[in-house]
Amino acid sequence: MKKHNFSAGPSILPKEVLEDASKSVLELDNTGLSLIEISHRSKEFISIMEEATARVLKITELQNKGYKAIFVQGGASLQFLMTAYNLLEAKAAYINTGTWSVKAIKEAKLLGNVLEISSSQDKNFNYIPEMNNIPNDIDYLHITTNNTIFGTQYKSFPDCSPPLIADMSSDIFSRKIDFSKFDLFYAGAQKNMGPAGVTLVVIKESLLNKVSRKIPTMLNYSSYIKADSMLNTPPVFAVYTTLLNLRWIESQGGINELEKRNLKKAELLYAEIDRNSFFNGFAEVKDRSHMNVTFTLNNENLSDDFNKICENNNISGIKGHRSVGGYRASIYNALTIESINVLINCMQQFEKLNK
Ligand SMILES: *Cc1c(COP(=O)(O)O)cnc(C)c1O
């Protein structure tokens, strides 16, 4: 029996996507060949790549607005460096909302002056700090829209005159936002988009070719754009499965519909965390993530009991990250409300047992 998969990443994908992806490994669309044994220069794969990038621009409503979508390897982690390599000439500003921002700041410091204009480190990153006092003389401002580990998420994005860059790894395609506010955003696929191995980058092309440093080919966004993301052999399985998921998103009614479902799921789970006196939410209420729900037990000594109940109910992947402790339920697009209800039921069983 398939478990209720609350894993933070790699994470749950829709059943239909997994079925179609597995079929393609045996044979891709009556080609007589497997997806993973055809040339990436074949017309079949070229059309997969074209459809995937076109769908990204369609879903984000960025067609004909000067943006390009590319697929890159190296994870979101390589984007911490690549963004700075391509865009940081002198000075950039970062908002520090946790582990992933810290890592992005570390890489950018290799290449220029980095201002950490605000941070929520004082409270172990359980909130989103204000985004004011943005300097004007910076090459860009970098934020992390959803903090996978701490369970916080930006609810709105203020207007900002310097270019705005975002790591959207764990909430891309989960809600309707005005993507045109961003000049560049990136996302490792394995949270809410596809399998590990590919990273999506969407860039406003006018931003590029402005820095004075020489950029190695494999780190240069312009070379990926020129080569239609096929500078070298792309991760064909990860790109194809991502495409299947993009089709799935559209078949469900697009990100508007997914946002409604995600909101409903998050509200149900947070309501139980707030009602049930055995649990505490970690993040400040106004900044709670609708993708990664972090919570702790009032009495950590009872964790074996709760873990047992979860295990008996086929729940997988809710152990919290070591920097928060407790639990983290990742409730990405493909996770159903049924799985949420099973988890809530476990919390209620635990409450009865310990009353
Ligand atoms: C998981 C994650 C990363 C790191 O992704 P990799 O693809 O493993 O490099 C970066 N940022 C955020 C917000 C993440 O959730």
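Along each chain, the written sequence defines residue order, and numbers are assigned to residues from 1. Only residues with pLDDT of at least 70 get local features here, since the model is predicted, and only at 80 or more are side-chain atom pairs given and counted; chain-wide, interface and lining totals rely on the full set of residues. Excluding hydrogens and water, the side-chain values take into account all heavy atoms of the structure.

Trainee: Would you take a moment to explain helix α4 (residues 99–108) for this structure?
Mentor: The periodicity of an α-helix, 3.6 residues per turn, causes residues three or four positions apart to be oriented the same way. Partly exposed residues are those whose accessible area sits between 20% and 50% of the maximum for their type, while under 20% is buried and over 50% is exposed, using a 1.4 Å probe and protein chains only. The way it works is that DSSP assigns letters per residue, a run of H or I at least four long becomes a helix, a run of E at least two long becomes a strand, and they are numbered from the N terminus. Residues of α4 that are buried: Ser101, Ala104, Ile105 and Ala108. End-on view of α4: buried residues confined to an arc of 100 degrees, all on one side of the axis. As used here, the arc belongs to the directions running from the helix axis to the C-beta atoms.

Trainee: Before we go on, may I ask you to explain the environment of Gly254 in this structure?
Mentor: Locating Gly254 in the fold gives a position in helix α7 (residues 254–275). For the pair Gly254 and Ile59, spaced 195 residues apart in sequence, the C-alpha to C-alpha distance is 7.1 Å.

Trainee: Quick question: what am I supposed to make of the sheet that holds strand β10 (residues 199–204) here?
Mentor: Within a sheet, adjacent strands bond to each other through the backbone by hydrogen bonds, running parallel or antiparallel. Overall, mixed pairing links the seven strands, which are arranged β2-β10-β9-β8-β5-β3-β4 in an open sheet. Pairing within the sheet leaves two strands with one partner each, and these edge strands are β2 (67–72) and β4 (113–119). Strand-to-strand twist across the sheet, computed as the mean angle between neighbouring axes with direction ignored, equals 20 degrees. Strand direction decides the pairing type here: strand β3 (residues 91–96) and β4, joined by six bridges, are parallel. Across the sheet, residue Ile95 finds its bridge partner in β4, namely Ser118. By the convention used here, residues are in contact when the closest approach between their heavy atoms is within 4.5 Å. Here an axis means a line fitted to C-alpha atoms, over the contact stretch when the element is a helix, while the angle between two N-to-C directions is reported on a 0 to 180 degree scale. Running over the sheet, helix α2 (residues 43–59) touches β2 and β10 and is turned about 130 degrees from β2. Following DSSP output, two strands are said to pair if at least two bridges run between them.

Trainee: Looking at this structure, I do not really get helix α3 (residues 75–87). What am I missing?
Mentor: The span one expects for a helix is its residue count, reduced by one, times 1.5 Å. Between its first and last C-alpha atoms α3 spans 18 Å; for 13 residues at 1.5 Å apiece the expected length is 18 Å, and the two agree. Largest kink in α3: about 25 degrees, centred on Leu81. Most of α3 sits inside the fold, with 10 of its 13 residues counted as buried. Among the residues of α3, Ala76, Gln79, Phe80, Leu81, Met82, Thr83, Ala84, Tyr85, Asn86 and Leu87 are the ones counted as buried. Those residues of α3 that are buried are in contact with β2, α4, β8 (164–167), β9 (184–188), β10 and α5 (221–226). What is called the bend at a residue is the angle between a pair of axes, fitted to the seven residues leading up to and ending at it and to the seven starting from it.

Trainee: Teacher, can you tell me more about the packing of helix α1 (residues 15–26) against helix α6 (residues 236–251) here?
Mentor: In a pair of packed helices, the angle between the axes and the distance between the axes together describe the arrangement. Running from N to C, α1 and α6 point in directions that differ by 145 degrees, and their axes come no closer than 9 Å. Between α1 and α6 the crossing geometry is right-handed. In contact with Glu16, Val17, Asp20, Ala21, Ser24 and Val25 of α1, α6 contributes Phe237, Tyr240, Thr241, Leu244, Asn245 and Trp248. When its residues are assigned to classes, the contact of α1 with α6 shows seven nonpolar, three polar and two charged. Handedness of a crossing follows from how the near helix is turned relative to the far one, being left-handed for an anticlockwise turn of less than a right angle and right-handed for a clockwise one. For this scheme, ten residues count as nonpolar: Ala, Val, Leu, Ile, Met, Phe, Trp, Tyr, Cys and Pro. Four count as charged, namely Asp, Glu, Lys and Arg, and the remainder, Gly too, count as polar.

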